[in-house]
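One letter stands for each residue in the lines below.
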2 protein chains.
Amino acid sequence: MNSSHKHKNAISITKGAGLSSSAGKKALHQLKKKRQYSVKEYLEGILNGNRIILSQAITLIESALPGHRNMAQEIIEKCLPYSGKSLRIGITGVPGAGKSSFIEALGTMLASEGRRIAVLAIDPTSERSKGSILGDKTRMENLAAYQHAFIRPSPSAGTLGGVARKTRETIFLCEAAGFDTIFIETVGVGQSETAVHSMVDFFLLLMLAGAGDELQGIKRGIIEMADMVAITKADGTNTRKAEQAMAAYNSALHLFPAAESGWMPRVLTCSAYQKTGIKMIWELITEYKAFTVKNGYFSKKRKKQSLYWMYETIDQNLKENFYHTTDIKSLAARYEKEVLDDKISSFMAARLLLEKYYSGKTV
Amino acid sequence: MNSSHKHKNAISITKGAGLSSSAGKKALHQLKKKRQYSVKEYLEGILNGNRIILSQAITLIESALPGHRNMAQEIIEKCLPYSGKSLRIGITGVPGAGKSSFIEALGTMLASEGRRIAVLAIDPTSERSKGSILGDKTRMENLAAYQHAFIRPSPSAGTLGGVARKTRETIFLCEAAGFDTIFIETVGVGQSETAVHSMVDFFLLLMLAGAGDELQGIKRGIIEMADMVAITKADGTNTRKAEQAMAAYNSALHLFPAAESGWMPRVLTCSAYQKTGIKMIWELITEYKAFTVKNGYFSKKRKKQSLYWMYETIDQNLKENFYHTTDIKSLAARYEKEVLDDKISSFMAARLLLEKYYSGKTV
């Protein structure tokens, strides 16, 4: 049912747009084809772990139509008391680092042990061209075959803020549907890893070994955000290089300040192909959970994240409202030029724009 | 004249406050004692390098009175064409890392060579308690003795956003007054280093050597922001430890992605006491400048910073306007609690607050 959400059909809509975008029309069209459920029916379906109904509820979240958004919001609020019980794991790494293979290997292992796995993605349209993220469920064929696994491609349209919000809302729904382990995948080359970091319990960075290759394309600052670094594709002739990289990063990470969690980030090697290292990584993730639950950081971080999203949503809305006000955008472009030419200061430009904005308002 | 701006008298005012704060009253009182200059006289004085008039203009920038702010803005706009020609160097490090001694040693060396040195600070009131930053000019006695050196303590009141804006505006005035090397000092334990990073050309992190001590209190993420790390107090029995730390950080930094500047961050040791390493650090800073001027990054970064401050100022104002609207603050506190108790989602809380805000407005 999500064929229109594949990245090949990605529709780029501008910030804050969405009242009548083609993405919205598609979602509407999709929903019209289905039987219309009530909020109560959605809730029951989700709580019963019905993946079809869960999928349709997520489509409501992703819809740009206000009616759908309102209904989605109601469903989310009703799911809230049943959410929060999963372990949320963020996975990042540049294209080619083997994210899909890794998630499939780890996810399949966990699914075979009876865990219920959901895989979500968070990359906004603007970052999609850099690598196909979950664009195709067939990349996780083995995992997708499990009845208690759920793989959801990234929303195909929208800016980071919008996509991130939708992903966070989707987490709640998946948790209410009983998924106990949720992977949120992102490509580690843009801004999205900060958004992922602010909605997961554990942040895992995947890196490709090789002489210096591991750095290719990775954004500065990501390494310090990671609770664990896994050097992927540590098999065959790559094994030695991977182990060298592991040793180097292990000693380097000790030179950095301890994380607030008190957890010392670990560096490991793994091979999704040979299925080595996967079990060890999972053991360390569960060790991290036990450690942070015990020292109180686990719930402290969740609370901080909740407040972060409350205030972040307000900030985003205020900005969108500002830049969608008549003339502000064109005026901003003009002042940008004057600022760059040193004709006016950044602060004067801001002041003039704000005066223009408030002059048309009673705020 | 800045006795009321010492941190000992720091007055904590809330975000966006300031129409009739005691800081404002003090500034008013100070200015009343002086002869009142016109904008034209201020400009002439600044362009002539008159440190007294420069100081008074900065006091206008720091004033909370709208009349002063307007006059300050006029002066800044008029100084703008004469600004931009200095090298702006950010210096951070935890209390005890020896920031003042280092700046005094480097500043005195440069002043003796005829360079005109200005030293500013950026720490907001809330971070001041963690260390006395430039609270006292006497900490840089030798440097202060030079006629072409200018040391300005941090504004004593305000939030990070406000203090950062004032510091950036002060940079323009100092440049118009002919200062060619501007140090902006900050304590590296809070949020302020990001603000500093967004207004300097070069970012230097000072670290204290010692078995693991170098990490004490440093915020994660700062190391990756640095263009150079200097291990301070590398003298006497400390020398060996400092050199070991230097070697360790040098190899660690190679494991991190290259900065956008293309510059490979360096790690050095120095002793402000023995005056060793200081010259080498300065040579590398000038090498950095030549390197980034040549590859275009120097001016690219300045342009990015100008736009950053334009949009950042708008964002801050929109937020302040929101949170100062009647009932929003108390309502936000109530919803915060409900979000933390999982009674409503972060997004619903944001939505309810935004509805309340817009319901009272025509925006």
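What counts as what
- Residues numbered from 1 in each chain as written.
- Chains lettered and ligands numbered in written order.
- Predicted model: local features only at pLDDT ≥ 70, side-chain atom pairs only at ≥ 80, totals over all residues.
- Heavy atoms only, no water.
- Helix = DSSP H or I, 4+ residues; strand = E, 2+ residues; numbered from the N terminus.
- Buried < 20%, exposed > 50% of the residue type's maximum accessible area, 1.4 Å probe, protein only.
- Contact = heavy atoms within 4.5 Å.
- Areas by Shrake-Rupley, 256 points an atom, 1.4 Å probe, with all protein chains shown as cover.
- Buried area = accessible area lost by both parts, 1.4 Å probe.
- Salt bridge = Lys/Arg side-chain N within 4 Å of Asp/Glu carboxyl O.
- Polar contact = N/O pair within 3.5 Å; in protein donor to acceptor, adjacent residues only side chain to side chain.
- Nonpolar A, V, L, I, M, F, W, Y, C, P; charged D, E, K, R; others polar.
- Expected span 1.5 Å × (residues − 1).
- Arc of directions from axis to C-beta.
- Pairing = 2+ DSSP bridges.
- Axes fitted to C-alpha atoms, helices over the stretch in contact; angles between N-to-C directions.
- Core = buried A, V, L, I, M, F, W, Y, C linked by side-chain atoms within 4.5 Å.
- Phe/Tyr/Trp six-rings, centres within 6.5 Å; stacked < 30°, edge-to-face > 60°.
- Lys NZ or Arg CZ within 6 Å of the ring centre and 35° of its normal.
- Least-squares fit on C-alpha atoms with pLDDT ≥ 70 in both.
- pLDDT = per-residue confidence, 0-100.

Trainee: Describe in detail the overall build of chain A, supporting the description with residues and values.
Mentor: Each helix and strand in chain A was counted, giving 15 helices and seven strands. Relative to its full complement of 363 residues, chain A shows a buried share of 58%. Residue pairs at least 24 apart in sequence account for 77% of intrachain contacts in chain A once pairs closer than 6 positions are excluded. A total accessible area of about 14700 Å² is found for chain A, and carbon and sulfur atoms account for 54% of it.

Trainee: Hey, could you go over the interface of chain B and chain A for me, with residue numbers and the actual values?
Mentor: Across the contact, 64 residues belong to chain B and 65 residues belong to chain A. Carbon and sulfur atoms make up 65% of the area that chain B and chain A hide from each other, which totals about 6100 Å². Taken together, chain B and chain A are joined by two salt bridges. Here Lys319(B) makes a salt bridge to Asp315(A), at a shortest N to O gap of 3.5 Å. Counting every contact that joins chain B to chain A gives 14 residue pairs in polar contact (both at pLDDT 80 or more). Sort the elements by how many residues they give to the side of chain B that touches chain A and helix α13 (residues 297-323) of chain B lands first, with 15 residues. Of the residues that constitute the side of chain B that touches chain A, the class distribution is 38 nonpolar, eleven polar and 15 charged.

Trainee: Could you give an account of helix α11 (residues 239-253) of chain B, naming the residues involved and the relevant values?
Mentor: Working note: α-helix, 3.6 residues per turn, so residues spaced by three or four point in the same direction. Between its first and last C-alpha, α11(B) extends 21 Å over 15 residues, near the 21 Å set by a 1.5 Å rise per residue. Along α11(B), the residues classified as buried are Ala242(B), Ala245(B), Tyr249(B), Ala252(B) and Leu253(B). Along the axis of α11(B), the buried positions cluster into a sector of 90°, meaning they face one direction only. Buried positions along α11(B) lie against α11 (239-253) of chain A together with β5 (202-208), α10 (222-225), β6 (228-232) and β7 (266-269) of chain B.

Trainee: So what's going on with the sheet that holds strand β4 (residues 181-187) of chain A? Residues and values would help.
Mentor: Residue and element names in this part refer to chain A. Here seven strands make up an open sheet; going across it, the order is β3-β2-β4-β1-β5-β6-β7 and the pairing parallel. Two strands close off the open sheet at either side, each with one partner strand: β3 (149-151) and β7 (266-269). This sheet shows a mean twist of 20° between the axes of neighbouring strands, independent of strand direction. Direction of pairing for strand β6 (residues 228-232) relative to β7: parallel, over a ladder of four bridges. Residue pairing across strands places Ala230 opposite Leu268, the latter belonging to β7. Set on the sheet, helix α5 (residues 99-112) makes contact with β1 (87-93), β2 (117-121), β4 and β5 (202-208); between it and β4 the angle comes to about 175°.

Trainee: Explain the sheet that holds β7(B) to me, and be specific about the residues and the numbers.
Mentor: Strands pair in a sheet through their backbones, by hydrogen bonds, and they do so in one of two ways: parallel or antiparallel. Residue and element names in this part refer to chain B. Strand order in the open sheet made by the seven strands is β3-β2-β4-β1-β5-β6-β7, with parallel pairing throughout. Lying at the two open borders of the sheet, with one neighbouring strand each, are β3 (149-151) and β7. Within the sheet, the average angular offset between the axes of one strand and its neighbour, ignoring direction, is 20°. Where strand β2 (residues 117-121) meets β3, three bridges bridge the pair, whose relative direction is parallel.

Trainee: Quick one: what's the story with the environment of Cys270(A), residue by residue and with numbers?
Mentor: Residues and elements named next belong to chain A. Within the element layout of this structure, Cys270 appears in the loop between β7 and α12 (278-295). Residue class for Cys270 comes out buried when judged on its relative accessible area of 2%. For Cys270 and Ile281, which are eleven residues apart along the polypeptide, the C-alpha to C-alpha distance reads 8.2 Å. Beyond its immediate chain neighbours, meaning those up to four positions away, Cys270 contacts Phe102, Ala230, Ile231, Thr232, Lys233, Ala234, Thr276, Gly277, Ile278 and Ile281.

Trainee: Explain unusual backbone geometry residue by residue, including any values.
Mentor: Even without a glycine there, the phi angle at Asp342(A) is positive, about 60°. According to the relative accessible area criterion, Asp342(A) is partly exposed, its value standing at 44%. The backbone phi angle of Lys275(B) is positive, close to 60°, even though this residue is not glycine. Along the chain, the position of Lys275(B) falls in the loop between β7 and α12 (278-294).

Trainee: Outline the pattern of salt bridges, supporting the account with residue identities and numerical values.
Mentor: Residue and element names in this part refer to chain B. In the structure shown here, the tally under the stated rule is 32 salt bridges over all chains. Taking the shortest distance from any N to any O, the salt bridge between Asp180 and Arg115 comes out at 3.7 Å. With a gap of 65 residues between them, Asp180 in the loop between α8 (160-176) and β4 (181-187) and Arg115 in the loop between α5 (99-112) and β2 connect regions that are remote in the sequence. Classification of Arg115 as partly exposed rests on a relative accessible area of 26%.

Trainee: For the pairing of β2(A), give the residues involved together with the corresponding values.
Mentor: Residues and elements named next belong to chain A. Of all the five residues making up β2, five are buried; the element is thus mostly covered by neighbouring parts of the structure. Of the two faces of β2, both are covered, the one formed by Ile117, Val119 and Ala121 as well as the one formed by Ala118 and Leu120. The pairing of β2 with β4 spans five bridges and is parallel. Looking at the pairing, Ile117 lines up with Thr181 of β4.

Trainee: Mind laying out the nonpolar core, listing which residues take part and the relevant values?
Mentor: Ile46(A), Leu173(A), Ile46(B), Leu54(B) and Leu173(B) are the most contacted members of the largest nonpolar core, which totals 112 residues. When neighbours within four sequence positions are excluded, Ile46(A) is seen to be in contact with Ile53(A), Leu54(A), Ala57(A), Ile75(A), Cys79(A), Leu173(A), Ala176(A) and Ala177(A). The next biggest cluster of nonpolar side chains, apart from the first, holds 38 residues, and it includes Ile314(A), Tyr357(A), Phe322(B) and Tyr357(B).

Trainee: Talk me through the packing of aromatic side chains; I want residue IDs and the actual numbers.
Mentor: This structure, assessed with the given rule, holds 23 aromatic pairs over all chains. Grouped by ring-pair contacts, the aromatic residues Tyr311(A), Phe322(B), Tyr323(B), Tyr357(B) and Tyr358(B) constitute a single cluster. Arg116(A) extends its terminal NZ or CZ atom over the ring of Phe179(A), reaching a point 4.7 Å from the ring centre.

Trainee: Kindly report on the relation of the copies chain B and chain A, identifying the contributing residues and their values.
Mentor: Between chain B and chain A, which share one sequence, the superposing operator has a rotation angle of 180° and an axial displacement of 0.0 Å; the RMSD is 0.0 Å. Each copy turns onto its partner about a two-fold axis. In terms of C-alpha distance to the rotation axis, chain B has Ala252(B) as its closest residue, with the C-alpha 2.4 Å off the axis. Same-surface contact between copies: 100% of interface residues of chain B are shared with the interface of chain A.

Trainee: Explain the confidence of the model for chain A to me, using residue names and the numbers behind them.
Mentor: All names here are of chain A. Mean pLDDT over chain A stands at 84; residues scoring 70 or higher make up 81%. Least confident of the elements in chain A is helix α6 (residues 125-128), whose mean pLDDT is 53; most confident is α12, at 98. Within the model, the stretch residues 1-21 combines pLDDT values under 50 with 50 contacts to residues more than four positions away or in other chains. Every residue in residues 128-134 is under pLDDT 50, and counting partners more than four places away or in other chains gives 27 contacts. The ipTM value of the predicted complex is 0.81, and its pTM value is 0.81.

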